[in-house]
Structure formats: C-alpha cells, structure tokens
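# Survey of secondary and tertiary structure
Residues per chain, in single letters:
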Amino acid sequence: MNVLVIGNGGREHAILLALKKSPKVDKLYCMKGNAGTAQIAENVNVDYMDGEAVKAFALAHPEIDYYVVTPDDPLAAGIVDVLEGIGKRCFGPRKNAAIIEASKAFAKELMKKYNIPTAKSATFDNYGDALEYVRAQGAPIVLKADGLALGKGVLICKTLKEAEEGLKEIMLDKAFGKAGEKIVIEECMRGLKYDPGEEVSVLAFTDGKTIVPMITSCDHKRANDGDDGLNTGGMGTFSPCPFWSKELEDEVLNKIMIPTMSAMNAEGRTFKGCLYFGLMRTPDGMKVVEYNSRFGDPETQVVLPMLKTDLMEIFEAVTDERLSDMKIEWEDGACICVVLASGGYPVHYRKGEEITIGDVGDCTIIHAGTAVKDGKLITNGGRVLGVVAKGKDIEEARRKAYAAVKNIHWKGMHYRTDIGVKYREG
C-alpha cells in the first residue's frame, strides 16, 4: 500500500515512523511534512486546509491507497469528508464528529446531556455576562476559548484579577481570533493527591462500535520547569502514567470512553479514528478535562514507539469497522519525549537557526518545526524537535533522553529539564 499522512509536525513524523515498520506499507507520503518526514516519506507541498487542492491531488494520484488525517484543523474543516467523497480510504473522523474537539461548548453540552463526568461549566458569547459569571464564581477558575487555538486556548486563572484579564484577552482582544468568540468557563478541578491535580492522557482507537484505549501518557504543558510560564502545545511527555491502574482503566472505559462513543452515535456523529481523552483524577473519580479528535502531540511520540501491533492493520480495522477483531499489544517499559523549542516559544521566536545534532545514542529524534535550507537543517517553528527515549522505567528513559539533548544545539534552544519528574511518586 501507498499511504499519505496529512500534517507537518512531530506527531506526523512519529506516525510515519510507526507505519514504516508495517510490511503492508510500500511507500509513504506526507502533506506537507518537514525535514524529518522527508527522510522516510515523499513530502507533498499541498495546502491541506484547501479541500479543493487536496481533492485535486488525490484524483491526480490514484496510486495512493490510504490517507491518514491527523491535525485538528483539517479534521474540523472536513478533509476526511472530501477524501471519502471521492472514494478514498481514510483514518480520521468526519467533520460532524471532529466537532468534539473543534467546539469545547459542544463537548461540554454532550457530557452534560449524557452524564459523562467533567467539571461544572457555563458557556457564554457575551463578554458582560461572562465577566459577571466569573466574578460570581471567584478563583481559581478555568477559561477555554470555544474553538481551535493550537492547544493554547486554555487559561488556568489562580486569581480573580487573572481571570478578568484572561477574559478580556480572549473575548475582547481576540488573542485566539474567532476561537474566542464563544467561551467555556469551568470550575478548577482538584486532584486526589496534588494541587491543582494530576492529569493523564489516554488516546483510544475507535470505529464507532468498539473503543480500545492505548497506553497512558502524561503531558507537560507549561513552557518552563516546575509547570511555570505560559501554556504551550506541550513541552514533553512520558509514558506510562505512574498512578494508572487496572481499576482506573475500567472506570474510564465504562464511565467515560464507552459512554462518549455511544453519545456520539446517538447524536448522529459516529466517531471513527483516534479519540483523545484528557482526564483528571479527582476525589470524585476520573473526569474529562478535554477531548481531542486526533492523536495528541507530543503524546503520540511516546505512545506509538511502545506499540507492538502493526499500526496500518489497526488503521484499516478502524476504517472497515472491525476493530473488535484486533488484538492490540504494547511493549513493557517506559518512554519519554523531551521537546526542544525555539527561544521565546510560545510567543515570539526566531526561525532559520542552524541545528546541529551529535551523538544521540539509541534515542529517536522526532522532527516538528524543521526545514532544510542550502543543505543545512534549520528551525522552522516553535516546537522544533522531540528527543524520544525508551527504558525499563521512566528514570532510565529520562537519563537517555537528557544525555542526547546535550548533543543537540541551535541558537536560543529552550527545553524543560523536569520532563518525567511530575507525579513520579505515583
């Protein structure tokens, strides 16, 4: 089979590396890709947000048998619908199902309607009403832009002043553009043991009839050590989650995952693809923090390296609605991804800095924001590289990853030194 992956980040590079292992896959393509994907796939310079351009490319290349649509924007724009409309086989939800991520307001209403545990919330499209609600609720409180905002549209406000400023930033200053025209205001959930709590990401394959959770991972969202600084798309991840257990998995599967799949079916929005559950362990049990309609980034970078089963076979089983026939297996041990970012990310940062990569041992270097210019590898984004290491436990994986980081350089390179430390006491 010839397979094309849509996207140009670290997640797509990780997916391509997993697909490359499959004996079913002959040639790989990536639209648009980066310097890393170019090493294992043919990069295709087509704007994947332009449905007509994607359609024209697919019609002109009948040799491509299968498409994997991974970023949130093209899923929300209905690129899967476009491809399926011309008879192409795809992995990824259609537009009417991708709304579970594209609209936080939709997701919250779905959870309320079907009694899926989540934080108490209210939705507003009027700034005055939202401000009145925030003042009535007090702090800490969480503000979420309704639409897609590159993983940065969530503000956790510790004080009322922060909340008032955040509300103005989202709704009046339009910091996240149209994504902030509507806002979801949530209670700040407390964790069972820690403050503000412990979160875990659980990705799941689903064909709308069966849902199969993958191994767990934990994401570090803040830009700086100690979970300080601005929210980012993710500065690193590790797997598995230390506090996870069979009891928690059963609870999540029966009270959150299966009810979510069933709720989407009941709404006429059957979800087929990878459904991401951002969860928090609270004194009242596991609750949903957020849904994503696709593989997480950088969670994918630590989950897929541990997959023993052929990823292409899983993708086809989802497409053909026979996931129940699959036995999905995982490696033992742990995996960590340390994200190397441009200085100033997630606000202002330079592109075009030359990257040098020395000895990284048996670590895998995942490319996110990279390009090649005049034969040199350069930075081309905020999150530039991910250093992925496996080990018998998280500590061994951490040691390997940070040893490799010391041999990678560019001007202004920034990374956190505490990836994998969070919650390690379990």
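The sections below set out a description of the structure shown in this document. Keep in mind that what you see is a predicted model, and the values were worked out from it rather than measured.

### Structural notes on the sheet that holds strand β10 (residues 198-206)
Ordered in space as β16-β15-β10-β11-β14-β17-β22-β19, the 8 strands form an open sheet in which the pairing is antiparallel. The open sheet has two edge strands, β16 (285-292) and β19 (364-367), and neither has a second partner. For this sheet, the mean angle separating the axes of adjacent strands, direction not counted, is 30°. Strand contacts of helix α9 (residues 246-266): β10, β11 (211-219), β15 (273-282) and β16, with the helix running at about 45° to β16, the strand carrying the most contacts.

### Description of the pattern of salt bridges
Tallied over the entire structure, the rule returns 29 salt bridges. With a shortest N-O distance of 2.6 Å, R94 and E84 are connected by a salt bridge. With a gap of 10 residues between them, R94 in the loop between β5 (89-91) and α5 (95-102) and E84 in helix α4 (residues 79-85) connect regions that are remote in the sequence. Between E109 and K112 there is a salt bridge; the shortest N-O distance is 3.7 Å.

### Focus: the environment of W244
Along the polypeptide, W244 turns up in the loop between β14 (236-239) and α9. Setting aside its immediate chain neighbours within four residues, W244 contacts V200, V202, T216, E249, V252 and M286.

### Digging into the side chain of R383
Within the element layout of this structure, R383 appears in strand β22 (residues 383-391). No salt bridge is formed by the buried R383. Its closest oppositely charged neighbour is D297, at 4.0 Å. A distance of 3.3 Å separates a polar atom in the side chain of R383 from the backbone oxygen of D297. In this structure R383 touches G233, G234, D297, P298, V339, L340, A341, Y345, A368 and G369, once residues within four positions along its chain are discounted.

### Looking at the packing of α5 against helix α6 (residues 104-113)
Running from N to C, α5 and α6 point in directions that differ by 95°, and their axes come no closer than 6 Å. The orientation of α5 with respect to α6, classified from their angle, is roughly perpendicular. Across from I99, I100, E101 and A102 in α5, the residues of α6 making contact are K104, F106, A107 and L110.

### A word on the packing of aromatic side chains
Tallied over the full model, the rule gives 8 aromatic pairs. Ring centres of F277 and Y291 lie 5.6 Å apart, and the angle between their planes is 75°; on these two criteria the pair is classed as edge-to-face. Here F277, found in strand β15, pairs with Y291, found in strand β16; they are 14 residues apart in sequence, far enough to count as distant. Residue F277 shares its accessibility class with Y291, and that shared class is buried.

### Considering the nonpolar core
For soluble globular proteins, the rule of thumb is that nonpolar side chains tend to be buried together. Counting 53 residues, the largest nonpolar core has F277, L279, V387 and I408 as its most contacted members. No other element matches the 7 residues that α9 contributes to this core. Excluding its chain neighbours within four sequence positions, the residues that come into contact with L279 are E198, E199, V200, V202, V252, I256, M286, K287, V288 and V289. Within the second largest apolar cluster, 41 residues are counted, among which are V25, F91, M306 and A317.

### Focus on helix α11 (residues 311-319)
With respect to burial, α11 is a largely interior element, 8 of its 9 residues being buried. Along α11, the residues classified as buried are L311, M312, I314, F315, E316, A317, V318 and T319. Downstream of α11 by one or two residues, E321 has phi in the positive range, about 60°.

### Description of the pairing of β14
A regular strand carries its side chains on alternate faces of the sheet. In β14, alternate side chains face the same way, and those of G236 and F238 on one face and T237 and S239 on the other are all buried. Where β11 meets β14, 2 bridges bridge the pair, whose relative direction is antiparallel. Across the sheet, residue C218 finds its bridge partner in β14, namely F238. With 4 bridges connecting them, β14 and strand β17 (residues 334-341) associate as antiparallel partners. Residue F238 lies in a different strand from β17, and its bridge partner there is I336.

### Describing the sheet that holds strand β1 (residues 2-7)
Ordered by their spatial adjacency, 5 strands build an open sheet running β3-β2-β1-β4-β5, and the pairing between neighbours is parallel. Each end of this open sheet is capped by a strand with a single partner; those strands are β3 (42-44) and β5. The mean inter-strand angle of the sheet, taken between neighbouring strand axes irrespective of direction, is 25°. Sheet topology places strand β2 (residues 27-32) next to β3; 3 bridges connect them, and they run parallel. Within the sheet, the bridge partner assigned to Y29 lies in β3 and is E42. Against the sheet, helix α1 (residues 10-20) touches β1 and β2, its axis set at about 165° to β1.

Parameters and conventions
- Residues numbered from 1 in each chain as written.
- Predicted model: local features only at pLDDT ≥ 70, side-chain atom pairs only at ≥ 80, totals over all residues.
- Heavy atoms only, no water.
- Pairing = 2+ DSSP bridges.
- Helix = DSSP H or I, 4+ residues; strand = E, 2+ residues; numbered from the N terminus.
- Axes fitted to C-alpha atoms, helices over the stretch in contact; angles between N-to-C directions.
- Contact = heavy atoms within 4.5 Å.
- Salt bridge = Lys/Arg side-chain N within 4 Å of Asp/Glu carboxyl O.
- Buried < 20%, exposed > 50% of the residue type's maximum accessible area, 1.4 Å probe, protein only.
- Lys, Arg positive; Asp, Glu negative; His and termini not counted.
- Polar contact = N/O pair within 3.5 Å; in protein donor to acceptor, adjacent residues only side chain to side chain.
- Parallel < 35°, antiparallel > 145°, perpendicular 65-115°, else oblique.
- Phe/Tyr/Trp six-rings, centres within 6.5 Å; stacked < 30°, edge-to-face > 60°.
- Core = buried A, V, L, I, M, F, W, Y, C linked by side-chain atoms within 4.5 Å.

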